[in-house]
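Here are the chains, one letter per residue:
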Amino acid sequence: MARAAGLAEPGGAPRPTIFAEMTALAQREGAVNLGQGFPDVDGPEWIREAAVQAIRDGVNQYAPGAGLPPLREAIAAHQREHYGIAVDPDTQVLATTGATEAIAASILALAGPGEEVLTIEPYYDSYAASIAMAGATHTTVPLIPTAEGFRLDTEALRGAVTDRTRLILVNTPHNPTGTVLRRPELEAIAEQARRVDAVVITDEVYEHLTYDGAAHLPMAALPGMGERTLTISSSGKTFSLTGWKVGWVTGPAHLITAVSTVKQFLTYTSGAPFQIAIARALTEGRADVSALREGLQRRRDLLVAGLREVGFGAVVPEGTYFVCADASPFLTPQLPDGAALARALPRLAGVAGVPISAFCVPGSDTADALGSWLRFTFVKREDVLAEGIERLGRLTG
């Protein structure tokens, strides 16, 4: 089944993700890796020390399957403080091994054969894998590049949502485009979800990493949507601690119960001392998040300006870690699209990026429309970004 779903090579070995492939190329060529979005500086020391103290205090055995109470209480307080969303920490909050597990468990719990799961395209690669494992049908609605950045095609949305649509998976702030969905876009999704009685799953891992005054609005905060929305987030991006894999999902108790039923047979539980540290981070770390956001906006501007100077058509993202750039000026008969250029870039310029087509259904209209585009990350030190930009200049030499 895994092979048929496109999850394994013909010999049975796991098929590497595009991120693993580009990282391996970067390492082999000694390239600056602007492909995989992980920070090259660890998160705040006081949060790391809180995990060390939890280990010393003996928080080293299994946490409850739903997560340690201090973490669940901190997550509930976070939703109330930032968005005015009230959730019961005992019945409406589930700690997970990162957002990726939360997404997989939610899809596996709520969708199956004969049902459709709609995602925005481009989409993070784990979405398609989880939908395939559930045996459901993956449908998409595109983001379209405009003068105002990438925007949701709401006309296409109306046609894409059918009576078989069981789940609508929304990612905002959006990876890979950096789009922060606006209220009218979210309301259009909500309208279609209510029309067919679909559950909405939202991936909000970049919720606090927005720029230029762009505001993240959770789907669950819209009138009448809290009762049909599962909200997923994590600490990895917010606190630059991606290796800790502390995520969560909140929502109606009956949906959280369904997700818990699947999650208990995935990891059951993980990272007890990290859960304690993230509970403190959510409660006390607002200044750290503000400093990270300001630093990332500065680095975003550096990367956008550098890409444009080299010759890429870069779109300024409103959120996340990533800049999308049209590489059309650098395509040749030998390198006819973004995927070919991305695989050659570590050798040609000593820089790694990721083709946007890797985030699309193969052969789809969106994959074709974005076939010349690459994604670069700016969650790196400024000196690393400057080195990457300088090396990209070799493309015009």
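Residues numbered from 1 in each chain as written. Predicted model: local features only at pLDDT ≥ 70, side-chain atom pairs only at ≥ 80, totals over all residues. Heavy atoms only, no water.

Colleague: I would appreciate a short explanation of helix H5 (residues 125–134) in the present structure.
Modeller: Since the α-helix advances by 3.6 residues per turn, residues separated by three or four positions end up pointing in the same direction. All of the buried residues in H5 are Ser 126, Tyr 127, Ser 130, Ile 131 and Ala 134. Down the axis, H5 shows its buried residues gathered within 135° of arc, on one side only. Of the surrounding elements, those touching the buried residues of H5 are helix H4 (98–110), strand S3 (116–121), strand S4 (137–146), strand S6 (165–171) and strand S7 (199–203). At the C-terminal side of H5, Gly 135 shows a positive phi close to 80°. (Buried < 20%, exposed > 50% of the residue type's maximum accessible area, 1.4 Å probe, protein only. Helix = DSSP H or I, 4+ residues; strand = E, 2+ residues; numbered from the N terminus. Arc of directions from axis to C-beta. Contact = heavy atoms within 4.5 Å.)

Colleague: What exactly am I supposed to notice about the packing of H4 against helix H8 (residues 253–263) here?
Modeller: When two helices pack together, their arrangement is given by the angle between the helix axes and the distance between those axes. Where H4 contacts H8, the two axes come as close as 8 Å, and the packing angle between them is 105°. With respect to each other, H4 and H8 are oriented roughly perpendicular. Together, Glu 101, Ala 105, Ser 106, Leu 108, Ala 109 and Leu 110 of H4 and Leu 255, Ala 258, Val 259, Val 262 and Lys 263 of H8 make up the contact between the two elements. Here the contact of H4 with H8 is composed, by residue class, of eight nonpolar, one polar and two charged. (Axes fitted to C-alpha atoms, helices over the stretch in contact; angles between N-to-C directions. Parallel < 35°, antiparallel > 145°, perpendicular 65-115°, else oblique. Nonpolar A, V, L, I, M, F, W, Y, C, P; charged D, E, K, R; others polar.)

Colleague: What am I meant to see in the layout of surface pockets here?
Modeller: Remark: the empty space left among the atoms is shown by a probe the size of a water molecule rolled over them. For the largest pocket, the calculated volume is near 1400 Å³. Along the walls of the largest pocket sit 50 residues, with Thr 17, Phe 19, Tyr 124, Asp 125 and Ser 126 positioned nearest its centre. Only helix H1 (18–29), H4, H5 and helix H11 (338–348) provide two or more residues apiece to the lining of the largest pocket. Top element by residues in the lining of the largest pocket is H5. It accounts for seven residues. A breakdown of the residues in the lining of the largest pocket according to their chemical character gives 28 nonpolar, 14 polar and eight charged. Mapping the lining of the largest pocket onto the domain boundaries places at least three of its residues in each of domain 1 (2–42 + 288–395) and domain 2 (45–284). Looking at the second largest pocket, its volume works out to about 370 Å³. (1 Å grid on protein atoms, 1.4 Å probe; cavity = no way out; pocket = protein on both sides within 12 Å on 5 of 7 lines; lining within 4 Å. Points joined across faces, edges and corners; volume = space filled by probe spheres on them. Domains from an automatic or database assignment.)

Colleague: How should I be thinking about the pattern of salt bridges in this particular structure?
Modeller: For side chains bearing opposite charge, pairing can occur when the charged atoms are close. One pass over the structure, following the stated rule, counts 19 salt bridges. Measuring nitrogen to oxygen at the nearest pair gives 3.2 Å for the salt bridge that ties Arg 182 to Glu 148. Placement of Arg 182 in the loop between S6 and helix H7 (183–196) and of Glu 148 in the loop between S4 and strand S5 (149–152) is noted, with a sequence separation of 34 residues between them. Linking Arg 158 and Glu 155 is a salt bridge whose minimum nitrogen-to-oxygen distance equals 2.7 Å. Here Arg 158 and its partner Glu 155 are both found in helix H6 (residues 154–160), three residues apart, which amounts to about one turn of the helix. Residue classification places Glu 155 among the exposed positions, given a relative accessible area of 57%. What emerges from the salt-bridge pattern is a single network uniting Glu 148, Arg 151, Arg 182, Glu 185 and Glu 318. (Salt bridge = Lys/Arg side-chain N within 4 Å of Asp/Glu carboxyl O.)

Colleague: Even after reading the chapter, I still don't get the nonpolar core, so can you show me in this structure?
Modeller: Most often, soluble globular proteins have nonpolar side chains that are buried together. Ranked by size, the top nonpolar core spans 66 residues in total, and within it Leu 307, Phe 312 and Phe 376 carry the most contacts. When we break this core down by domain, the ones giving at least three residues each are domain 1 (2–42 + 288–395) and domain 2 (45–284). Discounting chain neighbours no more than four positions away, the residues touching Phe 312 are Leu 307, Ala 325, Asp 326, Ala 327, Phe 330, Leu 374, Phe 376, Leu 392 and Leu 395. (Core = buried A, V, L, I, M, F, W, Y, C linked by side-chain atoms within 4.5 Å.)

Colleague: What should I look at first to understand the packing of aromatic side chains in this one?
Modeller: Two descriptors summarise a pair of aromatic rings, namely the distance from one centre to the other and the angle between the planes of the rings. Scanning the entire structure with this criterion turns up twelve aromatic pairs. For the pair Tyr 206 and Phe 322, a centre-to-centre distance of 6.1 Å together with 75° between the ring planes defines the contact as edge-to-face. Taken together, the positions of Tyr 206 in the loop between S7 and strand S8 (229–234) and Phe 322 in strand S11 (residues 322–326) put the pair 116 residues apart, joining distant regions of the chain. An identical accessibility class is assigned to Tyr 206 and Phe 322; each is buried. Between the aromatic rings of Trp 244 and Phe 274, the centroid separation amounts to 4.5 Å while the plane-to-plane angle is 20°, which identifies the pairing as stacked. Taken as a pair, Trp 244 in the loop between S8 and strand S9 (246–250) and Phe 274 in helix H9 (residues 272–284) lie far apart in primary sequence, 30 residues in all. Under the relative-accessibility criterion, Phe 274 is labelled partly exposed at 26%. (Phe/Tyr/Trp six-rings, centres within 6.5 Å; stacked < 30°, edge-to-face > 60°.)

Colleague: What am I meant to see in the confidence of the model for the chain here?
Modeller: In low-pLDDT segments, the atomic positions of the prediction should not be examined closely. Per-residue pLDDT for the chain has a mean of 95; in total, 96% of the residues score no lower than 70. Confidence drops under pLDDT 50 across residues 1–5; counting only partners more than four residues distant or on other chains, this segment forms seven contacts. (pLDDT = per-residue confidence, 0-100.)

Colleague: Please explain empty space enclosed by the protein as it appears in this structure.
Modeller: Inspection of the entire model under this criterion finds four cavities of 30 Å³ or more. Computed from the structure, the largest cavity encloses a volume of approximately 70 Å³. Contributing to the lining of the largest cavity are 16 residues, with Ala 95, Thr 96, Thr 97, Ser 270 and Gln 275 lying nearest its centre. When residues in the lining of the largest cavity are grouped by element, the largest group, three residues, is from strand S2 (residues 93–97). For the lining of the largest cavity, the per-class residue count stands at six nonpolar, eight polar and two charged. Counted as a void, the second largest cavity has a volume near 50 Å³.

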